Amino acid sequence: NAGVTQTPKFQVLKTGQSMTLQCAQDMNHEYMSWYRQDPGMGLRLIHYSVGAGITDQGEVPNGYNVSRSTTEDFPLRLLSAAPSQTSVYFCASSRQGARQPQHFGDGTRLSIL
Amino acid sequence: DAKTTQPNSMESNEEEPVHLPCNHSTISGTDYIHWYRQLPSQGPEYVIHGLTSNVNNRMASLAIAEDRKSSTLILHRATLRDAAVYYCVQHQGGSEKLVFGKGTKLTVNP
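Every chain is numbered on its own, with residues counted from 1 as its sequence reads. Ligands are numbered from 1 and chains lettered from A, in the order in which they are written. The model is predicted, so local features are restricted to residues of pLDDT at least 70 and side-chain atom pairs to those at 80 or more, both for listing and for counting; the totals for chains, interfaces and linings are taken over all residues. To get the side-chain values, take all heavy atoms of the structure and skip hydrogens and water.

*Asks:* What should I look at first to understand the interface of chain A and chain B in this one?
*Replies:* Buried accessible area, meaning the area lost when the parts come together, often serves as the stated size of an interface. Residue-level contacts link 21 residues of chain A with 18 residues of chain B. Simply put, the buried area is the total loss of 1.4 Å probe accessible area from both parts when two parts are fitted together. For the pairing of chain A and chain B, the buried interface totals around 1700 Å² over both sides, and the portion due to carbon and sulfur atoms is 60%. Each salt bridge in this description consists of a side-chain nitrogen of Lys or Arg and a carboxyl oxygen of Asp or Glu lying within 4 Å of one another. Where chain A packs against chain B, one counts zero salt bridges. Polar contacts, as counted here, are pairs of nitrogen or oxygen atoms within 3.5 Å of one another; within protein the pair requires one atom able to donate a hydrogen and one able to accept it, and residues that are adjacent in sequence qualify only if both atoms are side-chain atoms. In this structure, the connection of chain A to chain B is made through six residue pairs in polar contact (both at pLDDT 80 or more). A run of H or I in DSSP counts as a helix once it spans at least four residues, and a run of E counts as a strand once it spans at least two, with each numbered from the N terminus. Where the side of chain A that touches chain B is concerned, the elements lending two or more residues are strand E4 (31–37) and strand E5 (43–51) of chain A. Here the element with the most residues in the side of chain A that touches chain B is E5(A); it accounts for four residues. For this classification, Asp, Glu, Lys and Arg are treated as charged, while Ala, Val, Leu, Ile, Met, Phe, Trp, Tyr, Cys and Pro are nonpolar and the rest, including Gly, are polar. The residue makeup of the side of chain A that touches chain B, split by class, is eleven nonpolar, eight polar and two charged. It only takes one pair of heavy atoms within 4.5 Å for two residues to be counted as in contact.

Next comes the structure, spelled out in structure tokens:
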């Protein structure tokens, strides 16, 4: 089992560029989510999905879009990158819901110049 | 809104017990408390979670206060590999959201 796989591991963008952060899990988990982590802060929830075709907003959704067309994949899109979106992004999944133990990927470190 | 409060840092000696505190004064009756830990350059790792009563697993124990406004993560014998940032996380009952605290950086001295 690969678990939760995030790609790329590192990325540098210019302001205004668009990008998709990929997240895939091979555990047949229904629940997937995206967080951002900034220095000195805990993780903040961006978007989450309780199953294919269903997504909802978290604490800091502005500037990000998501979709969930399959159980395995949950991509995060930045339509027009801004320096404030410089952060480390983590994807997580669980069998069913936020109450259950979350499996995290190793993160994508994103810098916006 | 859900919010958890933890000390910024704690220190322990190897092979001694460690008690990591967390306050969650806004917790409601259906909110679970989770703990995760994070090593440098890695994603968080699940440690333990509970609702009302104390919980034990192979990694740690979780003691939840009777009024549920605070909890303590207990590592029974700290090892050097336990050095990490420990996050107290509140699951908002009735939602599918987790709210992370800012974390406690645990240093384990040999």
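*Asks:* How should the sheet that holds strand E1 (residues 4–7) of chain A be read in this particular structure?
*Replies:* Across a sheet, paired strands are connected by hydrogen bonds in the backbone, their directions being either parallel or antiparallel. Residue and element names in this part refer to chain A. Sheet architecture is open: four strands sit in the order E1-E3-E8-E7, paired in antiparallel fashion. Each end of this open sheet is capped by a strand with a single partner; those strands are E1 and strand E7 (64–66). Each strand of the sheet is rotated relative to its neighbour by a mean of 20°, with strand direction disregarded. Any two strands with at least two DSSP-identified bridges between them are counted as paired. Here an axis means a line fitted to C-alpha atoms, over the contact stretch when the element is a helix, while the angle between two N-to-C directions is reported on a 0 to 180 degree scale.

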